[in-house]
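Observations on the model geometry
Spelled out, the chains give:
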Amino acid sequence: AGLAGALSLSLTAPLELLTVLAQVGTWHCARGLRGAVRRLCRTEGLRALWKGNLTACLRLWPYSALQLAASRRLVILFTDDLGHVSHWRAITAGSLAGMVATLVTHPTDVIKTRLIVQNRLEPSYRGILHAFRKIKHQEGFFALYRGVSPAILGAIPFSAGSFFVYISLDRVWQEPIIHFTPLQNFINGCVAAAVAQTLSFPFETVKRKMQQAQSPWLPHYGAVDVHFTGMTDCFRQTVKNKGVLGLWRGLTPSLLRIVPYFGVMFSTFEFCKRVCLYRNGYIESPLSYKLTPGVDQSLQPQELRELKLLRRESFEPRKSALEN
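Structural notes, computed from the coordinates. (Residues numbered from 1 in each chain as written. Predicted model: local features only at pLDDT ≥ 70, side-chain atom pairs only at ≥ 80, totals over all residues. Heavy atoms only, no water.)

**Let's talk about the side chain of Arg114**
Mapped onto the elements of the fold, Arg114 is located in helix H5 (residues 87-117). Here the side chain of Arg114 touches Gln211 through a polar contact of 3.0 Å, landing on its backbone oxygen. (Helix = DSSP H or I, 4+ residues; strand = E, 2+ residues; numbered from the N terminus. Polar contact = N/O pair within 3.5 Å; in protein donor to acceptor, adjacent residues only side chain to side chain.)

Written out as structure tokens, the structure is:
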């Protein structure tokens, strides 16, 4: 899954770059996204479309690991005595897990934004480690956490929106979620990602502006299109100067990048879940959710293995004393 994620990020890196440039409001996007691509390639070359991609790929591993680990722990914490967890508690667990992962890995996101926005031919940073050291030395350690407030706040509508849409789509399909085909799971992931990204995008825009802005060490103070004093003022100044839709500037390339990625992610998740259920003996095949006859679905994996062992011993013929 990690390799697939890295490949997906690499293939869609130009879309991520256009999203960040539009959110920050650099001069490249003055004439639209097509004009931004032409001007960027003309001034910095074709390789500029993949600026910051290595940082994004390296960030994927710890972010995903932290999010999954935190989500698992929180779901266990929110599970009742009967082993059930409500939809809203699952949404809360997902949101908190996203916040934890965002908080820990935020410095890498700041570095990625700086590498994307800088001029590749006249770079302020020569690479990931150089950017980390230079930002820490020139601007202080807390500069690596600029924009962390809208990032954490944005994790709430994103996680809540994606989980809520995903678990509600069984009503749209008018069949239980366990009967969904891989195509249905892919569509569900795409719809959930589109809704969640649209809801959380204003926080993403403000985060990018804060990560890049207010640095005297960067050309034109980061080349951000509005001046502000904090998160709330950034929202206010963006709406004042760019209109309400300015908070969603760059949404189109972002959706083109993230929607198929989440479609693949949810499809992979459902398939991996079936494989795990099959290997533990709950279902007959990894290609469907058909239950194994005579197996209590409430049993834990260890309890199920012990039950199978007892059944096997009960049906095995006893050896005679002479054979022994």
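From this point on, the discussion continues.
**As for the packing of aromatic side chains**
Using the criterion set out here, one finds three aromatic pairs in the structure. With 6.0 Å between their ring centres and 75° between their planes, Phe141 and Phe142 make a pair best called edge-to-face. Taking relative accessible area as the criterion, Phe141 reaches 40% and is therefore assigned partly exposed. On the numbers, 5.9 Å between centres and 50° between planes, the contact of Phe141 with Tyr145 is tilted. An aromatic cluster of at least three residues, connected via ring pairs, comprises Phe141, Phe142 and Tyr145. (Phe/Tyr/Trp six-rings, centres within 6.5 Å; stacked < 30°, edge-to-face > 60°. Buried < 20%, exposed > 50% of the residue type's maximum accessible area, 1.4 Å probe, protein only.)

**Side note on the nonpolar core**
Core analysis: the biggest nonpolar cluster contains 20 residues, and Leu17, Leu21, Leu40 and Phe228 have the highest contact counts within it. When contributions to this core are tallied by element, the ones reaching two or more residues are helix H2 (13-24), helix H3 (32-44), H5 and helix H8 (182-212). Broken down by element, the residue count for this core peaks at six residues, all from H2. Within the second largest apolar cluster, eleven residues are counted, among which are Val165, Ala193, Phe262 and Phe266. (Core = buried A, V, L, I, M, F, W, Y, C linked by side-chain atoms within 4.5 Å.)

**A word on the pattern of salt bridges**
Across all of its chains, the model carries twelve salt bridges by this definition. Salt-bridge contacts for Arg208 lead to Asp109; the nearest nitrogen and oxygen are separated by 3.1 Å. Here Asp109 lies in helix H5 and Arg208 lies in helix H8, a separation of 99 residues in the sequence. Residue class for Arg208 comes out buried when judged on its relative accessible area of 2%. Among the residues examined, Asp109 registers a relative accessible area of 2% and is labelled buried. Here Glu139 makes a salt bridge to Arg146, at a shortest N to O gap of 2.9 Å. The exposure class assigned to Glu139 is buried, which follows from its relative accessible area of 17%. (Salt bridge = Lys/Arg side-chain N within 4 Å of Asp/Glu carboxyl O.)

**Here's the deal with the environment of Ser162**
Residue position: Ser162 is located in helix H7 (residues 148-173). For Ser162, a relative accessible area of 6% corresponds to the buried category. Put simply, Ser162 and Gly94 are 68 residues apart on the chain and 9.5 Å apart in space, counted from C-alpha to C-alpha.

**Structural notes on the packing of H8 against helix H10 (residues 251-279)**
Interaxial distance between H8 and H10 falls to 7 Å at its minimum, and their mutual angle equals 135°. By the angle class used here, H8 and H10 are oblique. Pair H8 / H10 crosses with right-handed handedness. Looking at the contact of H8 with H10 residue by residue, the classes come out as 15 nonpolar, seven polar and two charged. (Axes fitted to C-alpha atoms, helices over the stretch in contact; angles between N-to-C directions. Parallel < 35°, antiparallel > 145°, perpendicular 65-115°, else oblique. Left-handed = near helix turned anticlockwise from the far one by under 90°. Nonpolar A, V, L, I, M, F, W, Y, C, P; charged D, E, K, R; others polar.)

**Focus on the environment of Leu40**
Structurally, Leu40 is set in helix H3. Residues Leu40 and Arg120, 80 residues apart in the sequence, show an inter-C-alpha distance of 9.8 Å.

**Some details on H3**
An ideal rise of 1.5 Å per residue puts 18 Å on 13 residues; H3 measures up with 18 Å between its terminal C-alpha atoms. Turning to H3, its buried residues are Gly35, Ala36, Leu40 and Glu44. Taken down its axis, H3 places every buried residue within 130° of arc, on the same side. In H3, the exposed positions angled more than 90 degrees off the buried face are occupied by Arg34, Arg38 and Arg42. The inward-facing, buried residues of H3 contact H2. Backbone geometry just after H3 places Gly45 at a positive phi near 95°. (Expected span 1.5 Å × (residues − 1). Arc of directions from axis to C-beta. Contact = heavy atoms within 4.5 Å.)

**Quick look at a positive patch on the surface**
Positive charge collects at one region of the surface, where Arg31, Arg34, Arg38 and Arg42 lie side by side. Along the chain, Arg42 turns up in helix H3. (Patch = residues over 30% accessible without salt bridge, like charges linked within 9 Å, V, L, I, M, F, W, Y side chains within 5 Å. Areas by Shrake-Rupley, 256 points an atom, 1.4 Å probe, with all protein chains shown as cover. Lys, Arg positive; Asp, Glu negative; His and termini not counted. Charge placed at Lys NZ, Arg CZ, Asp CG, Glu CD.)

Honestly, it's all geometry; don't read function into it.
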